Amino acid sequence: MLDEKRLRNRGHELGTFLGQRFLLVMIFIFVCEQLATLVYRYALVPILTKIMMVGDIKMQSESISGSLMLIIKPLWSILSDSIPYFLIQPVESFINTHSPSAFTAPDFIQQYGSLMVKLYYMTIIMLILIQLIISILPYLLAGWWYINSIAVKMRELREEDARLKAEFDKRRNLLFSDITHDIKTPITSIVGYSKAMTDGLVTDPEKQADYLRTIYGKSLRISELISMLFEFVKLDSDGFQLHKERLDMAELVRENVIILLEDFDEKNIELDIDIPEETCMVLADRMQMSRVVTNLLTNAIRYISDGHMVQVKMISKKVAEDIMYTVYVADDGLPIEEDFAKTIFDPFSRSDAARQTTSGGSGLGLSIAHKVAEMHGGELSLDLQYGQGYRKAFVLEVPAMKEETSGE
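Residues numbered from 1 in each chain as written. Predicted model: local features only at pLDDT ≥ 70, side-chain atom pairs only at ≥ 80, totals over all residues. Heavy atoms only, no water.

Novice: Would you mind showing me how to read the overall build of the protein here?
Specialist: In terms of regular secondary structure, the protein is built from 13 helices and 7 strands. Evaluated residue by residue, the protein yields a buried proportion of 36% over its 408 residues. (Helix = DSSP H or I, 4+ residues; strand = E, 2+ residues; numbered from the N terminus. Buried < 20%, exposed > 50% of the residue type's maximum accessible area, 1.4 Å probe, protein only.)

This is how it looks when you write it as structure tokens:
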């Protein structure tokens, strides 16, 4: 459902989003660590030092074991009442052995008994826990925010997928409806005319010939529709691959114009051809690119009246660092409504006038041309303000081969 271009854009968008959020998390943690250091240095340490210096307690241990004893010994004094008697002496011996030499209870605390000792130690523990919380909290908050941001983004992507799926299902249903309509209409005519002839309702030879021509024309229309539908579906299949080769885009355009010269002459259409003589090398699938040019020329022949003009022009222009070969197929026929122009490259998209005529196309030719152009890294668009005596122009852009841009 998601084409390759959209997937690349989504991957780039998601990568950018994750990178930005990760950078914000790192900045947040760095700032919080600096603030925590200031709080620890200018608030907690002075308070803790004053408390520890009451009486004759001094923080004289620089070893890891001594630092741990600053926490373990207060905890032991609180929990020792619930410890079995046979464990008390070994544990106290271990604590006293590894504790700082000056770690003794303050004199004034000893005067008020064990309750004040426990409160004193609990105060120290609370201050240490506050410092740990201040140190860990930024990581917890940053992690929570980062995970929550990803969850929100993934939810947005899922909602977008659901929207695209609903849009895809809607377009698919419309596609099936249009296919059914476009096939059913000529089949109904074929059935009606053939039944009239089979039942002997038409005995006039000239009338029979007219019926047979109608049946033949309707059959060709069904065959054309099925062929175009096959090409459209084939382009979307997973196994389809372009067979790209070096080819001269200017020569390819000339060849397709020559093939359709008789059709232009039949409608007395004046051709204005402006194709450069120099080679314009591109890397493209000859068959598919020829189909694009043919579809544009056939569309011009089909939808303009006799005696009008069609221009086939090709130029090269530089876009960013690349060279693009641009083919214009313009005509001075009826203008295209702006509303219809927005959907002109959609499958089975046709104007109301085209639907009412028997000579109208299937509505797949321009859609196929648009898809093939994108598969070649180019673009097919409609210019309603083309000018130069023409009302509109289809614009096909195809990237030149890289060696052409470097002068090789």
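More follows now that the structure is in view.
Novice: Looking at this model, I keep getting lost on the sheet that holds strand E7 (residues 392-399). Mind explaining?
Specialist: What links the strands of a sheet is backbone hydrogen bonding, and the strands pair in either a parallel or an antiparallel sense. The 5 strands lie next to each other as E2-E4-E5-E7-E6, forming an open sheet whose pairing is mixed. Looking at which strands have only one partner, the edges of the open sheet turn out to be strand E2 (270-274) and strand E6 (379-383). Pairwise comparison of adjacent strand axes, ignoring direction, gives a mean angle of 20° for this sheet. Sheet topology places strand E4 (residues 309-319) next to strand E5 (residues 322-331); 10 bridges connect them, and they run antiparallel. Residue pairing across strands places Val-312 opposite Val-329, the latter belonging to E5. Contacting E2, E4, E5 and E7, helix H7 (residues 249-259) crosses the sheet at an angle of about 170° to E4. (Pairing = 2+ DSSP bridges. Axes fitted to C-alpha atoms, helices over the stretch in contact; angles between N-to-C directions. Contact = heavy atoms within 4.5 Å.)

Novice: Would you take a moment to explain the packing of helix H9 (residues 286-303) against helix H12 (residues 365-375) for this structure?
Specialist: Packed helix pairs are specified by the crossing angle of their axes together with the interaxial distance, meaning the distance between the axes. Packing of H9 against H12 brings their axes to within 9 Å, and their N-to-C directions diverge by 145°. Relative to H12, the crossing made by H9 is left-handed. Of the residues in H12, those in contact with Gln-288, Met-289, Arg-291, Val-292, Asn-295, Leu-296 and Asn-299 of H9 are Gly-365, Leu-366, Ile-368, Ala-369 and Val-372. Of the residues in the contact of H9 with H12, the class split is 7 nonpolar, 4 polar and 1 charged. (Left-handed = near helix turned anticlockwise from the far one by under 90°. Nonpolar A, V, L, I, M, F, W, Y, C, P; charged D, E, K, R; others polar.)

Novice: Looking at this structure, how should I read the packing of helix H6 (residues 205-236) against H9?
Specialist: Direction vectors running N to C along H6 and H9 enclose 140°, while the axes themselves pass 14 Å from each other. Judged by the inter-axis angle, H6 sits oblique to H9. Crossing hand, H6 versus H9: left-handed. Counted together, Glu-224, Glu-231, Lys-234 and Leu-235 of H6 and Gln-288, Arg-291 and Arg-302 of H9 form the full contact between these two elements. Each residue belonging to the contact of H6 with H9 can be placed in one class, and the counts come to 1 nonpolar, 1 polar and 5 charged. (Parallel < 35°, antiparallel > 145°, perpendicular 65-115°, else oblique.)

Novice: Would you mind showing me how to read the nonpolar core here?
Specialist: In a soluble, globular protein the nonpolar side chains are often hidden away together inside. Within the largest apolar cluster, 51 residues are counted, with the highest numbers of intra-cluster contacts made by Met-249, Val-253 and Leu-396. Sort the elements by how many residues they give to this core and H9 lands first, with 7 residues. Setting aside residues up to four positions removed in sequence, Met-249 forms contacts with Cys-280, Val-282, Met-289, Val-293, Met-314, Val-327, Leu-396 and Val-398. Counting residues in each nonpolar core, the second largest holds 6 residues, with Tyr-328, Ala-330, Tyr-390 and Ala-393 among its members. (Core = buried A, V, L, I, M, F, W, Y, C linked by side-chain atoms within 4.5 Å.)

Novice: Quick question: what am I supposed to make of the packing of aromatic side chains here?
Specialist: The geometry of two aromatic rings is summed up by the distance between their centres and the angle between their planes. Summed over all chains, the structure comprises 4 aromatic pairs. Seen from their ring centres, Tyr-328 and Tyr-386 are 5.4 Å apart, and the 35° between their planes marks the pair as tilted. Residue Tyr-328 is located in strand E5, and its partner Tyr-386 is located in the loop between E6 and E7; the two are separated by 58 residues in the primary sequence. Measuring from centroid to centroid gives 6.2 Å for Phe-345 and Phe-394, while their planes differ by 75°, and the two rings are edge-to-face. A residue pair is termed long-range when its members are at least 10 positions apart, and Phe-345 in the loop between helix H10 (338-341) and helix H11 (352-355) and Phe-394 in strand E7 qualify at 49 residues. When sorted by exposure, Phe-345 lands in the same class as Phe-394, which is buried. (Phe/Tyr/Trp six-rings, centres within 6.5 Å; stacked < 30°, edge-to-face > 60°.)

Novice: Help me out: how do you make sense of a nonpolar patch on the surface in this one?
Specialist: On the surface, Leu-23, Leu-24, Ile-27, Phe-30, Val-31, Leu-35, Leu-38, Tyr-42, Trp-144 and Trp-145 cluster together into a nonpolar patch covering about 1100 Å² of accessible area. For the nonpolar patch, the secondary structure elements donating two or more residues are helix H1 (4-52) and helix H5 (114-198). In terms of residues, the nonpolar patch owes the most to one element, H1, which gives 8 residues. Summarising the element assignment, Leu-38 is placed in helix H1. The partly exposed category is assigned to Leu-38, whose relative accessible area is 44%. (Patch = residues over 30% accessible without salt bridge, like charges linked within 9 Å, V, L, I, M, F, W, Y side chains within 5 Å. Areas by Shrake-Rupley, 256 points an atom, 1.4 Å probe, with all protein chains shown as cover. Salt bridge = Lys/Arg side-chain N within 4 Å of Asp/Glu carboxyl O.)

Novice: Help me understand the pattern of salt bridges in this model?
Specialist: Oppositely charged side chains may form a pair once their charged atoms are brought near each other. Under the defined criterion, the tally for this structure stands at 7 salt bridges. Note that Glu-255 and Arg-286 form a salt bridge whose closest N and O atoms lie 3.9 Å from each other. Pair noted here: Glu-255 is in helix H7 and Arg-286 is in helix H9, with a separation of 31 residues, a long-range link. Note on Arg-286: relative accessible area 34%, which makes it partly exposed. Here Lys-392 and Asp-331 are joined by a salt bridge, their closest N and O atoms 2.6 Å apart. With a gap of 61 residues between them, Lys-392 in strand E7 and Asp-331 in strand E5 connect regions that are remote in the sequence.

Novice: Can you help me understand H9 in this one?
Specialist: Along an α-helix, a turn takes 3.6 residues, which lines up residues three or four apart on a common side. With 18 residues, H9 ought to run about 26 Å at 1.5 Å a step, and its terminal C-alpha atoms sit 26 Å apart, in line with that. Residues Gln-288, Met-289, Ser-290, Arg-291, Val-292, Val-293, Asn-295, Leu-296, Leu-297, Asn-299, Ala-300 and Ile-301 constitute the buried set of H9. Two or three places before Met-287, at the opening of H9, Asp-285 has a side-chain oxygen 3.1 Å from that residue's backbone nitrogen. (Expected span 1.5 Å × (residues − 1). Polar contact = N/O pair within 3.5 Å; in protein donor to acceptor, adjacent residues only side chain to side chain.)

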